[in-house]
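Spelled out, the chains give:
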Amino acid sequence: MTIALKTRLPGGLGSRLGGTLIAGLSILGVIAFFSIIGPFFVDEVLAQVGSVRPRQPPGGDFPLGSDAQGRDMLALMVHATPNTLKMGLIAGVIGGGLGSILGLIAGQFGGWIDAVISVISDSLMTVPAIAILVVIAGNIEEMSTSVMAVVVASLSWMFTTRTVRAQVLSIRERGYIEVARVNGEGPLEILFREVMPNVMPYIVASFVGTSSAAILAIIGLEALGLGAQNEMTLGNTIYWAQQSSAVLRGFWWWWAPPIVVIAMIFVGLFLTSVGFDRFANPRLGRRA
Amino acid sequence: MSSDLASYLAKRITQLFLVIFIAVSVNFIIPRLLPGDPVATALARLQTSGSGQTMDIQAVSDAYRARYGLDQPLWNQYLNYWADLFRLDLGVSFANFPEKVTVMIANALPWSVGLLATATLLSFFIGSFLGGRLAWPGAGRGIRALVPGLMVLSAIPFYLLAIIMVYIFAVELRWLPPAGGVETTRIMRLDWATAQDILRHAVLPCLSIAIGNIGFWALGMRSQMVSVLGEDYITFAEAKGLSPGRVFFWYGIRNAFLPQITALALNLGAVVSGAVLVEVIFNYPGLGSLLYVAIRGQDYFVIQGVVLVLIVTLAVMLFIVDLIYPLLDPRIRR
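Keep in mind that this is a model prediction, so the values were computed, not measured.

**Looking at the overall build of chain B**
Part 1 of the argument: Across its full length, chain B carries 12 helices and zero strands.
Part 2 of the argument: The buried share of chain B, taken over its 334 residues, is 38%.
Part 3 of the argument: Across chain B, every contact between residues at least 6 apart in sequence was considered, and the portion connecting residues at least 24 apart equals 72%.

Right, dumping it as structure tokens:
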């Protein structure tokens, strides 16, 4: 026992309670701030093909350089980041919402409904999402960012369902549920008035995870060339850079900015979800 | 065989068949939700994209129509589709007509399996060891600094790490080749030079996948180890005066390791998804690159075939992992 109590996650990774959460939220906050403010200051025209001189290294008129097709990289980043975040948010809301509803239903009603939902979600969890998404996305004629978000959301609800279902199962056995039942509350009333408020922290936490997984899948599909080709997004930028062999030709300012922004988004989401886990589940924090 | 084990097996077999069924049906249904027949649509798209000019569209189209009975009711087509799958017939490539999709996949599969198996096992064992060390009291300063860094790194998609790796090691330092599976001039023989060539090309893709995953396994192992350390048998082993190394490996790692195997099974899908993109970045001759080339060329049957092989192979592998698991962990056998 003493051994376990002495161990602590080292360094800045959460030796203080909440430090991780604050770090994660600050990173996300900075990105969100620039995504909202940026587009007002940088002209969207500069991010379109052929609007500036191509292949310029950073400096002078082009703070982040320009790509081989004549897009100003700074303008491209400023307009692509909100699009990527928007897709992640939409997919997170749809996937997380669907996952929560299925999890609540499976946990509350049990029986064959639970069996069906569990088997399907367990099975889908083991499937490499990109394989199915490739088939779906490849068959959509007019791809847009919103369609993309919906497509990805259709395969990102399973984790939420699992977490929420497990929580509902444990909450159902608590005393106050018994009290509510004796008081004559119906199953739906119990579900929404007693169970749901207690599952809320888990729903919020899994929303972060779902958004993160959705952005991962979206960027992956875009990097394969299955994204909304006419819209400016971070994944499309990676795709164009890869298409034009930007790495081998030494245009580091073409592929590095999207990677840095994407990395910041994921590290921010990761720290937020780790921090939030500890916040929502204090037992975990004490044990660590 | 106890009834617990029987129901466990039944559940796993149901799951296996469900995954295969979903994969096949998705592959069949989605293209047919579009108006027109899938072959005509695919060929039309091929033509507009300009990559199909070299072939006789009409001949290919007629061959497919006759072959797949596209004028028959949907239900018949679906049964035919299953029948073809059982004969391991995945159709013929549009772009490389009349090369069989099965042959193309068979050529690509060994590359992907080799790359993925090496990278996954490497990251799994290194990550688990580091995570276990980190939870152990008195972990060295090196580990305390390294592992959280790797955990943060594991949050970044690993095909992006791959791009950075290509830039540093292949473009700037020129230590390793930037792309491909072997030198383009190499004639494949069973000799040392070929093996060396293959290894040289595999280092960077393998490292990108491994580095992106070590942190994930370390994170899981760390929390497992923390809870194992609270167990009475650890205290007892220490009280007996066993050496710390022995307690760490035989009492700590061995017990904390088992849930990691479950996590491995659940996570392989994500690893495969990422590895597809790593192959694309490195132009590695595996399934990922095959898929990418097929998507770019709208090579419909190749896309379907690769997707199916990816899902089914993984499902079968997970099934095997789950079958072995009760042998490893006597606690769930009972």
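**What to know about the overall build of chain A**
Part 1 of the argument: Looking only at helices and strands, one finds 12 helices and zero strands in chain A.
Part 2 of the argument: Its helices and strands taken in sequence order, chain A reads α-α-α-α-α-α-α-α-α-α-α-α from the N to the C terminus.
Part 3 of the argument: Taking the principal axes of the C-alpha coordinates as reference, chain A spans close to 75 × 50 × 35 Å.
Part 4 of the argument: A fraction of 70% describes how many contacts in chain A between residues 6 or more apart in sequence connect residues 24 or more apart.

**Things to note about the interface of chain B and chain A**
Part 1 of the argument: Listed as interface residues are 52 residues of chain B and, on the opposing side, 45 residues of chain A.
Part 2 of the argument: For the side of chain B that touches chain A, the secondary-structure elements that each account for two or more residues are α1 (3–32), α6 (141–153), α7 (158–172), α8 (192–229), α9 (232–239), α10 (244–282), α11 (287–296) and α12 (300–328) of chain B.
Part 3 of the argument: Tallying contributions element by element places α1 of chain B first for the side of chain B that touches chain A, with nine residues.
Part 4 of the argument: Across the side of chain B that touches chain A, the residue classes break down as 42 nonpolar, eight polar and two charged.

**Here's the deal with the confidence of the model for chain B**
Part 1 of the argument: With 88% of its residues at a pLDDT of 70 or more, chain B has an overall mean of 81.
Part 2 of the argument: Mean pLDDT values over the elements of chain B span from 66, in helix α2 (residues 38–48) of chain B, up to 90, in helix α5 (residues 101–135) of chain B.

**Topic: the packing of α8 of chain B against α10 of chain B**
All names here are of chain B.
Part 1 of the argument: Remark: α8 packs on α10, axes separated minimally by 9 Å, with the N-to-C direction vectors making an angle of 155 degrees. One way to sum up the angle between α8 and α10 is to call them roughly antiparallel. Of the two elements, α8 crosses α10, and the hand of that crossing is right-handed.
Part 2 of the argument: Here the contact of α8 with α10 is composed, by residue class, of 15 nonpolar, nine polar and one charged.

**A few points about the environment of Ser146 of chain A**
All names here are of chain A.
Part 1 of the argument: One can find Ser146 in helix α6 (residues 145–153).
Part 2 of the argument: In this structure Ser146 comes out as partly exposed when scored by C-beta crowding, with 13 C-beta atoms within 10 Å.
Part 3 of the argument: With 94 residues separating them in the primary sequence, Ser146 and Val52 have C-alpha atoms 29 Å apart.

**Section: unusual backbone geometry**
Part 1 of the argument: Of note in the backbone geometry, Ser245 of chain A takes a positive phi value of approximately 50 degrees without being a glycine.
Part 2 of the argument: Inspection of the secondary structure assignment puts Ser245 of chain A in the loop between α10 (234–243) and α11 (252–280).
Part 3 of the argument: Although it is not a glycine, Asn283 of chain B adopts a positive phi angle of roughly 50 degrees.
Part 4 of the argument: Structurally, Asn283 of chain B is set in the loop between α10 and α11.
Part 5 of the argument: Using a count of 17 C-beta atoms within 10 Å as the deciding quantity, one classes Asn283 of chain B as partly exposed.

**So, α10 of chain A**
Residue and element names in this part refer to chain A.
Part 1 of the argument: With nine of 10 residues buried, α10 is to be regarded as a mostly interior element.
Part 2 of the argument: Residues of α10 that are buried: Leu234, Gly235, Asn236, Thr237, Ile238, Tyr239, Trp240, Ala241 and Gln242.
Part 3 of the argument: Downstream of α10 by one or two residues, Ser245 has phi in the positive range, about 50 degrees.

**Comments concerning the nonpolar core**
Part 1 of the argument: Ranked by size, the top nonpolar core spans 159 residues in total, and within it Leu133, Val134 and Val152 of chain A together with Ala162 of chain B carry the most contacts.
Part 2 of the argument: Counting residues per element, this core draws most heavily on α8 of chain B, at 17 residues.
Part 3 of the argument: Beyond its immediate chain neighbours, meaning those up to four positions away, Ala162 of chain B contacts Pro205, Ser208, Val278, Ile281 and Phe282 of chain B.

**Section: the confidence of the model for chain A**
Part 1 of the argument: The predicted model of chain A has a mean per-residue pLDDT of 82, with 91% of residues at 70 or higher.
Part 2 of the argument: No element of chain A has a lower mean pLDDT than helix α1 (residues 2–6) of chain A, at 36, and none a higher one than helix α3 (residues 73–109) of chain A, at 90.

**Let's talk about the packing of α3 of chain A against helix α9 (residues 187–223) of chain A**
Residue and element names in this part refer to chain A.
Part 1 of the argument: Here α3 crosses α9 at 145 degrees, and the two axes come no closer than 7 Å. Between α3 and α9 lies a crossing whose hand is right-handed. Across the interface between the two elements, Thr84, Met87, Gly88, Leu89, Ala91, Gly92, Gly95, Gly96, Gly99, Ser100, Leu104 and Gln108 from α3 touch Pro187, Leu191, Val195, Met196, Ile203, Ser206, Phe207, Thr210, Ser211, Ala214, Ile215 and Ile218 from α9.
Part 2 of the argument: Residues belonging to the contact of α3 with α9 are distributed by class as follows: 13 nonpolar, 11 polar and no charged.

**So, α10 of chain B**
For the α-helix, the turn length of 3.6 residues means that residues three or four positions removed from each other point alike.
Part 1 of the argument: The terminal C-alpha atoms of α10 of chain B, which comprises 39 residues, lie only 43 Å apart, well short of the 57 Å expected from a rise of 1.5 Å per residue.
Part 2 of the argument: The largest bend in α10 of chain B comes to about 45 degrees, at Asn267 of chain B.

**Brief notes about the environment of Val247 of chain B**
Residues and elements named next belong to chain B.
Part 1 of the argument: By the secondary structure assignment, Val247 is in helix α10.
Part 2 of the argument: For Val247, a count of 21 C-beta atoms within 10 Å puts it in the buried group.
Part 3 of the argument: Placed 63 residues apart in sequence, Val247 and Leu310 show a C-alpha to C-alpha distance of 40 Å.
Part 4 of the argument: If sequence neighbours within four positions are ignored, Val247 has contacts with Ile234, Ala237, Glu238, Leu242 and Gly252.

Rules used throughout
- Residues numbered from 1 in each chain as written.
- Chains lettered and ligands numbered in written order.
- Predicted model: local features only at pLDDT ≥ 70, side-chain atom pairs only at ≥ 80, totals over all residues.
- Helix = DSSP H or I, 4+ residues; strand = E, 2+ residues; numbered from the N terminus.
- Buried ≥ 20, exposed ≤ 12 C-beta atoms within 10 Å, placed from the backbone.
- Contact = placed C-beta atoms within 7 Å.
- Nonpolar A, V, L, I, M, F, W, Y, C, P; charged D, E, K, R; others polar.
- pLDDT = per-residue confidence, 0-100.
- Axes fitted to C-alpha atoms, helices over the stretch in contact; angles between N-to-C directions.
- Parallel < 35°, antiparallel > 145°, perpendicular 65-115°, else oblique.
- Left-handed = near helix turned anticlockwise from the far one by under 90°.
- Core = buried A, V, L, I, M, F, W, Y, C linked by C-beta atoms within 7 Å.
- Expected span 1.5 Å × (residues − 1).
- Bend = angle between axes of the 7 residues up to and from the residue.

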